[in-house]
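Working through the structure, step by step
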Amino acid sequence: MSARKVSPGDDTKDVEAEETMAAPLEISKENTDAIRATLHHLATREPHSLHQTTIYYGLQREDTPPRRKYGLLAASIGIVFLQCFVATGLSVGVGLSTCRDNRDCGEGTFCELGLCETCESEYKHCCHTNSTESCPAWAEKVKESMCANCMTDRGFEDFGVVAKDRIDSMMLQDWVTLFLASLVVAFAVFAEIRDAILCEIALRAISKRREVPRGWRFAIRGLNYARYYILLPNVVSSVVMLVLNDGGNVKNVCLNTVAVLFLLEIDNLAFLHGLGERTRMEAEEMAGARVTEDDLQTMNAAKIVCILGIPGVVLAGLLGGRYVLKNWPGMFCIWIAPLPSMIILFLQRVKASRRKLKGVFGGLGLGLAGYIMYFLWYLLMAILVYGDD
């Protein structure tokens, strides 16, 4: 069959070529909405966690067996409680660590009844043989141990003096490392806060579709509140306590930062490796919150507060603590550690109320209640430490 010749002036159209060129355009028009929806879904998809999985199986998936539903809720509550307990134990126990004798206690502390107590300057007369002042009964019992560790070549050195010397001995590379470590902690804390925000968004979305049981609302919001005001402040204060007790050289700062960060990875590890594979894969596909523009602004505000506030709390706790309470320089950081969480929750409440006056007072009241809860928990932990005394 001979080839058909086409002259330059021939108006005959190549139908096959036109159909081939038109097909992609036609397909593109038909699938534009689907492609945009998929891209939007991928863009708004947030990291999953054990707590978001609990909300999905407990409130969103209707045919979830009760055993799985309440088992995941118990796991979420248990993990958050353990995180709070261990983080507070680290914050308190860095200085009040257990001991067998003085060799187990650092400078500025001594071993008393199995705990490392701080050397306090008001009892230095107990170690002077020519002193006419009488020692308290408890000091007489531990006089030998106290004087052995608190008396040095420079005389009686209380913990405040030792901590001040440790801070003053830090060089430029130590401060740079500490600043970098505080930024890493700030990023990890923000990841925890973002997860709490996503849990609140998911709970809010489900509440719009149907009634959520009061017990579930209380449990999810209570977990978020505990993470904001117990877990995260104690993680931040632990950084300062470790520097005051172990020193701020590069090696100690890096190793201690790794030790602090593992507390915030427990729930992520439980989600990745603790759940059944089918349960985890379904949660990754179906669970998760759909964020709006207002939610993104809230997350960005929380991120800024963490990046600026947490390094600020760490540096202020170290540099200002020795002037506020000389004998207990770490207490100042304990006082200001909840401030980033208070600011974030205040901004959330004000934004949710559309910046009305009621939202401002509600945010202040919520922050004050969280601050009181934080100190009540800290007091409870201190009582547990001293319970046998």
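What the protein contains, in helices and strands, is 15 helices and 4 strands. In the protein, which comprises 389 residues, the proportion classed as buried is 44%. On the protein, roughly 21,700 Å² of surface is accessible, and the fraction owed to carbon and sulfur atoms is 62%.

Attention now goes to the confidence of the model for the protein. Low pLDDT marks regions whose predicted coordinates should not be analysed in detail. Mean pLDDT over the protein stands at 80; residues scoring 70 or higher make up 84%. The secondary-structure element of the protein with the lowest mean pLDDT is helix α1 (residues 15-43), recorded at 48, while helix α7 (residues 172-209) shows the highest, at 91. In the model, residues 38-45 has pLDDT below 50 throughout and makes 6 contacts with residues more than four positions away in sequence or in other chains.

This next bit is on the state of the cysteines. With the rule as written, the count across this model stands at 4 disulfides. Here Cys119 is linked by a disulfide to Cys150, with a sulfur-sulfur distance of 1.9 Å. Its S-S torsion of approximately -80 degrees makes the covalent link between Cys119 and Cys150 left-handed. Of this pair, Cys119 sits in the loop between β2 (115-118) and α4 (137-141) while Cys150 sits in helix α5 (residues 143-150), and the two are 31 residues apart along the sequence. Across the pair, Cys150 and Cys119 agree in class, each one buried.

One way to put it is that helix α2 (residues 50-60) packs onto α7 with a least axis distance of 9 Å and a crossing angle of 10 degrees. The orientation of α2 relative to α7 falls into the category roughly parallel. Facing His51, Gln52, Ile55, Leu59 and Gln60 of α2, the residues of α7 in contact are Asp195, Leu198, Cys199, Ala202, Leu203, Ile206 and Arg209. Of the residues that constitute the contact of α2 with α7, the class distribution is 7 nonpolar, 3 polar and 2 charged.

Right, let's get into the pattern of salt bridges. Under the defined criterion, the tally for this structure stands at 14 salt bridges. Linking Arg61 and Asp63 is a salt bridge whose minimum nitrogen-to-oxygen distance equals 3.6 Å. Judged by its relative accessible area of 21%, Arg61 falls in the partly exposed class. Between Arg154 and Asp165 there is a salt bridge, with the nearest N and O atoms lying 3.1 Å from each other. In this pair, Arg154 sits in the loop between β3 (151-152) and β4 (155-156) while Asp165 sits in helix α6 (residues 159-168), placing the two residues 11 residues apart along the sequence. Taking the relative accessible area as the measure of exposure, Asp165 reaches 29% and is therefore partly exposed.

Let us now look at the side chain of Asp158. Note that Asp158 resides in the loop between β4 and α6. At a separation of 3.1 Å, a polar atom in the side chain of Asp158 contacts the main-chain amide nitrogen of Gly160. When residues no more than four places from it in sequence are discounted, the contact partners of Asp158 are Cys119, Glu120, Ser121 and Asn327.

Of all hydrophobic cores here, the largest spans 74 residues; its most connected members are Leu178, Val189, Ile193 and Tyr228. Top element by residues in this core is helix α8 (residues 214-246). It accounts for 19 residues. The contact partners of Tyr228, leaving out residues within four places of it in the chain, are Ile193, Ala196, Ile197, Pro233, Ser341, Ile344, Leu345 and Gln348. Ranked by size, the runner-up nonpolar core spans 12 residues in total, among them Cys127, Cys135, Cys150 and Phe156.

Our focus in this paragraph is the packing of α2 against helix α11 (residues 277-286). Axes are the key here: two packed helices are described by the angle between their axes and the distance separating the axes. Where α2 meets α11, the closest approach of the two axes is 10 Å, and the angle between their N-to-C directions is 85 degrees. Considering the angle they form, α2 stands roughly perpendicular to α11. Each of Thr53, Tyr56, Tyr57 and Gln60 in α2 lies in contact with α11, whose residues at this interface are Arg278, Thr279, Glu282, Ala283 and Met286.

Tallying each qualifying case throughout the model produces 9 aromatic pairs. An angle of 40 degrees between the planes, with centres 6.2 Å apart, marks the rings of Tyr70 and Trp216 as tilted. A residue pair is termed long-range when its members are at least 10 positions apart, and Tyr70 in helix α3 (residues 66-93) and Trp216 in helix α8 qualify at 146 residues. Overall, Tyr70 belongs to the partly exposed group, its relative accessible area being 47%. The class for Trp216 is buried, based on a relative accessible area of 6%.

All right, on to the environment of Cys84 then. Locating Cys84 in the fold gives a position in helix α3. Given a relative accessible area of 2%, Cys84 falls into the buried group. Here the alpha-carbon distance between Cys84 and Tyr229, two residues 145 residues apart in the chain, equals 9.4 Å. In this structure Cys84 touches Ala226, Ile230, Leu231 and Trp377, once residues within four positions along its chain are discounted.

Quick look at a nonpolar patch on the surface now. A contiguous nonpolar patch, built from Phe81, Leu82, Phe85, Val86, Phe262, Leu380 and Leu384 and spanning about 670 Å² of accessible area, is present on the exposed surface. Of all the secondary-structure elements, those providing two or more residues to the nonpolar patch are α3 and α15 (357-385). No other element matches the 4 residues that α3 contributes to the nonpolar patch. The exposure class of Phe85 is partly exposed, given its relative accessible area of 36%.

The rules behind each value
- Residues numbered from 1 in each chain as written.
- Predicted model: local features only at pLDDT ≥ 70, side-chain atom pairs only at ≥ 80, totals over all residues.
- Heavy atoms only, no water.
- Helix = DSSP H or I, 4+ residues; strand = E, 2+ residues; numbered from the N terminus.
- Buried < 20%, exposed > 50% of the residue type's maximum accessible area, 1.4 Å probe, protein only.
- Areas by Shrake-Rupley, 256 points an atom, 1.4 Å probe, with all protein chains shown as cover.
- pLDDT = per-residue confidence, 0-100.
- Contact = heavy atoms within 4.5 Å.
- Disulfide = S-S within 2.5 Å.
- Axes fitted to C-alpha atoms, helices over the stretch in contact; angles between N-to-C directions.
- Parallel < 35°, antiparallel > 145°, perpendicular 65-115°, else oblique.
- Nonpolar A, V, L, I, M, F, W, Y, C, P; charged D, E, K, R; others polar.
- Salt bridge = Lys/Arg side-chain N within 4 Å of Asp/Glu carboxyl O.
- Polar contact = N/O pair within 3.5 Å; in protein donor to acceptor, adjacent residues only side chain to side chain.
- Core = buried A, V, L, I, M, F, W, Y, C linked by side-chain atoms within 4.5 Å.
- Phe/Tyr/Trp six-rings, centres within 6.5 Å; stacked < 30°, edge-to-face > 60°.
- Patch = residues over 30% accessible without salt bridge, like charges linked within 9 Å, V, L, I, M, F, W, Y side chains within 5 Å.

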